[in-house]
Amino acid sequence: MASEKPHMNLAVIGHIDHGKSTLVGRMMFETGAVPAHIIEGYKKEAESKGKATFEFAWVMDNLKEERERGITIDIAHKRFDTPKFYFTVVDCPGHRDFVKNMITGASQADAAILVVAAPDGVMEQTKEHVFLARTLGITQIIIAINKMDAVKFDEKRFNEVKKDLSDLIKMVGYKPDETLFIPISALGGQNIKVISPETPWYKGLPMITALDTFKSPDKPTDKPLRLPIQDVYSISGIGTVPVGRVETGIMKKGMKVSFMPANKDGEIKSIEMHHEEIPQAVPGDNVGFNVRGIGKGDIRRGDVCGPAEAPPTVAEEFTAQIVVLQHPSALTVGYTPVFHCHTTQTACTFMELKKKLDPRTGQTKEENPTFLKTGDAAIVVVKPTKPMVIETVKELPQLGRFAVRDMGTTIAAGMCIAIQAKQMR
Ligand SMILES: Nc1nc2c(ncn2[C@@H]2O[C@H](COP(=O)(O)OP(=O)(O)OP(=O)(O)O)[C@@H](O)[C@H]2O)c(=O)[nH]1
Ligand SMILES: [Mg+2]
């Protein structure tokens, strides 16, 4: 059954072993999404395998290798409810070898919890994840200062870590004064559902209540329609039926639409969702629709449907801010990997490396660098090898973010900040 509550995709990020999976397991337990006997079972099994204290993490870490190594490798999706929202939680791995999986997780998220262990404080992947979260467009973040039991629930240590984190998040553009910092123990359960007597000095909200301070992701219905095509079917007696998810705007029956970069026009005859005809589709709706004037061969996956009077933007070139995650050597002008953006996969050439940025601060480190390597953030100019729709993150964030892949790995992630549009008509 579809829930009546608004839906939020929540990423849980932070350095390895800081307790992300344990926190997610704990929140699922406290909200009733996982029953006590399951945790009890994991507890016995984990103890017998020399992995005591991992019972909550095991709710998330289902892979055999994850359990043996006691780390998260791939992202996992789980659902739980608070009074206001239903959350799909994406538990991200903290290990540096699995940052690409963290990116996939973060790119699906509306908000994030950053988990930082009180004994360690800010570590390498704390910084990296914060920067990536910001680059990937996560604007809402709550900070959990975890393992407070391991520092005897000491207010002084909490304030030290909070201070370092405030400096860090401020550098990438989050506002520390508007951010909640919560002292918790994911393992012990303190300040998760209710405020614990162990932290009489803490005057804020417990974790689960704090989640309800997030603002629901707005349904961008006031923007022009953008529906990236996932597939195109030809159904006898009906005609051409493209399918896809409405990212922005509203699709209505009778509407005149354009498909770009195919540059084909048509009129919406009918819209169907879950095998029922509907008069209009809004952001988040996965629909099939029948268009008058379009043949099956005219459009394909990666084309984007928009209103005829405000068609999707086809880029001649675009300027992007990227973060290089993993490149065996150096990324230079002329390099042509595949950009994955909405439903399109298009090879694009790096035309210009404009500036290298400090990934921790976003400040310019070098003008016109000759190459970029793993860990670098940069502003670059990119040219698609064939026509492709992309929009600026400022106008239509849903169509402005991308991942860059080559030979089966994610090389970089980024967002489009300016477009030199191609004249289509
Ligand atoms: N003392 C204490 N230990 C904790 C707490 N939360 C988690 N841990 C322990 O920290 C270890 C790592 O926990 P995980 O939840 O697997 O950490 P993670 O951040 O998901 O790790 P990766 O997914 O590999 O990045 C386990 O031994 C947990 O029991 C806590 O509140 N207090
Ligand atoms: Mg984990």
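Data block above holds the structure.
Residues numbered from 1 in each chain as written. Chains lettered and ligands numbered in written order. Predicted model: local features only at pLDDT ≥ 70, side-chain atom pairs only at ≥ 80, totals over all residues. Heavy atoms only, no water.

A. Just the overall build of the protein, in detail. A tally of helices and strands in the protein yields 8 helices and 22 strands. The C-alpha radius of gyration computed for the protein amounts to 23 Å, which stays within 12% of the reference 22 Å derived for 425 residues, consistent with globular compactness. If you line up the protein on its principal axes, its C-alpha atoms span 70 × 55 × 40 Å. Taking as baseline every contact in the protein between residues at least 6 positions apart, the subset at least 24 positions apart corresponds to 69%. Carbon and sulfur atoms make up 50% of the accessible area of the protein, which amounts to about 18900 Å² in all. For the protein, the separation between the mean place of its 54 positive charges and that of its 52 negative charges on side chains is 2 Å. (Helix = DSSP H or I, 4+ residues; strand = E, 2+ residues; numbered from the N terminus. Rg over C-alpha atoms; globule rule 2.2 N^0.38 Å. Contact = heavy atoms within 4.5 Å. Areas by Shrake-Rupley, 256 points an atom, 1.4 Å probe, with all protein chains shown as cover. Lys, Arg positive; Asp, Glu negative; His and termini not counted. Charge placed at Lys NZ, Arg CZ, Asp CG, Glu CD.)

B. Focus on the packing of aromatic side chains. Applying the stated rule across the entire model yields 11 aromatic pairs. Aromatic pair F158 and W201: ring centres 5.3 Å apart, planes at 45°, arrangement tilted. Placement of F158 in helix 7 (residues 155–172) and of W201 in the loop between strand 6 (181–183) and helix 8 (207–211) is noted, with a sequence separation of 43 residues between them. There is no split in this pair, since F158 and W201 are both buried. The interplanar angle of 10° and the centroid separation of 6.0 Å between the aromatic rings of Y335 and F350 together place this pair among those described as stacked. Remark: F350 occurs in strand 18 (residues 344–357) and Y335 occurs in the loop between strand 16 (315–324) and strand 17 (338–341); sequence separation between them is 15 residues. When sorted by exposure, Y335 lands in the same class as F350, which is buried. Grouping aromatic residues by their ring pairs yields a cluster made of F318, Y335, F339, F350 and F402. Stacked on the ring of Y42, the Lys or Arg R67 has its end atom at 5.0 Å from the ring centre. Over the ring of F371 we find K356, and its NZ or CZ is 5.8 Å from the ring centre. (Phe/Tyr/Trp six-rings, centres within 6.5 Å; stacked < 30°, edge-to-face > 60°. Buried < 20%, exposed > 50% of the residue type's maximum accessible area, 1.4 Å probe, protein only. Lys NZ or Arg CZ within 6 Å of the ring centre and 35° of its normal.)

C. The arrangement of the site of ligand 1 in detail. Close contacts around ligand 1 come from 20 residues, with K20, T22, T53, T72 and D149 the closest. Taking G94, its main chain carries an N or O atom lying 2.9 Å from an oxygen atom of ligand 1. Expressed as a share of its isolated accessible area of 650 Å², the protein-covered part of ligand 1 is 92%. Of all the elements, helix 1 (residues 20–30) adds the most residues to the shell around ligand 1, at 3 residues. (Near = heavy atom within 4 Å. Polar contact = N/O pair within 3.5 Å; in protein donor to acceptor, adjacent residues only side chain to side chain.)

D. Looking closely at the sheet that holds strand 2 (residues 76–81). Spatially, 6 strands are ordered 2-3-1-4-5-6 in an open sheet, and the strand pairing comes out mixed. In this open sheet, the two edge strands, each paired with only one partner strand, are strand 2 and strand 6. Taken over all neighbouring pairs, the strand axes of this sheet differ in orientation by 25° on average, direction set aside. In this structure, strand 5 (residues 140–146) lies alongside strand 6, joined through 3 bridges in parallel fashion. Within the sheet, the bridge partner assigned to A144 lies in strand 6 and is I182. With respect to the sheet, helix 7 is in contact with strand 4 (111–117), strand 5 and strand 6, its orientation differing from that of strand 6 by roughly 155°. (Pairing = 2+ DSSP bridges. Axes fitted to C-alpha atoms, helices over the stretch in contact; angles between N-to-C directions.)

E. Here's a closer look at the pattern of salt bridges. For the structure on display, the rule yields 20 salt bridges. A salt bridge links K5 to D81, with the nearest nitrogen and oxygen atoms 3.4 Å apart. You can see K5 sitting in the segment before strand 1 (7–13) and its partner D81 sitting in strand 2, a full 76 residues away along the chain. The class for D81 is partly exposed, based on a relative accessible area of 28%. Notably, a salt bridge pairs K49 with E45, separated by 3.0 Å at the nearest N-O pair. (Salt bridge = Lys/Arg side-chain N within 4 Å of Asp/Glu carboxyl O.)

F. Seen up close, the nonpolar core. Membership of the largest hydrophobic core comes to 75 residues, with the highest contact counts inside it found for L23, I113, M207 and L211. Apart from the residues lying within four places of it in its own chain, the contact partners of L23 are I113, V115, A144, I184, A186, I192 and M207. Counting residues in each nonpolar core, the second largest holds 23 residues, with F318, L331, L372 and A378 among its members. (Core = buried A, V, L, I, M, F, W, Y, C linked by side-chain atoms within 4.5 Å.)

G. Just unusual backbone geometry, in detail. In the segment running from M260 into P261, the intervening peptide bond is cis, with an omega of 0°. Its place among the elements puts P261 in the loop between strand 10 (256–260) and strand 11 (264–273). In this model, D17 sits at a positive phi of 70°, which is unusual for a non-glycine residue. Positionally, D17 belongs in the loop between strand 1 and helix 1. Not every positive phi belongs to a glycine, and F153 is a case in point at roughly 55°. Checked against the element boundaries, F153 lands in the loop between strand 5 and helix 7. On the basis of relative accessibility, which here comes to 10%, the residue F153 falls in the buried class.

H. Structural view of the coordination of the magnesium ion (ligand 2). The magnesium ion (ligand 2) binds to the protein through S21 (OG) and T72 (OG1), with metal-donor distances spanning 1.9 to 2.1 Å. One end of the pair, S21, is in helix 1; the other, T72, is in the loop between helix 4 (64–69) and strand 2, with 51 residues separating them in the sequence. (Donors = N, O, S within 2.8 Å, 3.2 Å for Na, K, Ca; no water.)

I. Local environment of the side chain of S21. Here S21 falls in the buried class, since its relative accessible area comes to 8%. Side chain to side chain, S21 and D61 meet in a polar contact 3.5 Å long. Among the polar contacts listed, one links the side chain of S21 to the side chain of T72, at a separation of 2.8 Å. Beyond its immediate stretch of four places on either side in the chain, S21 contacts F56, A57, M60, D61, T72 and D91.

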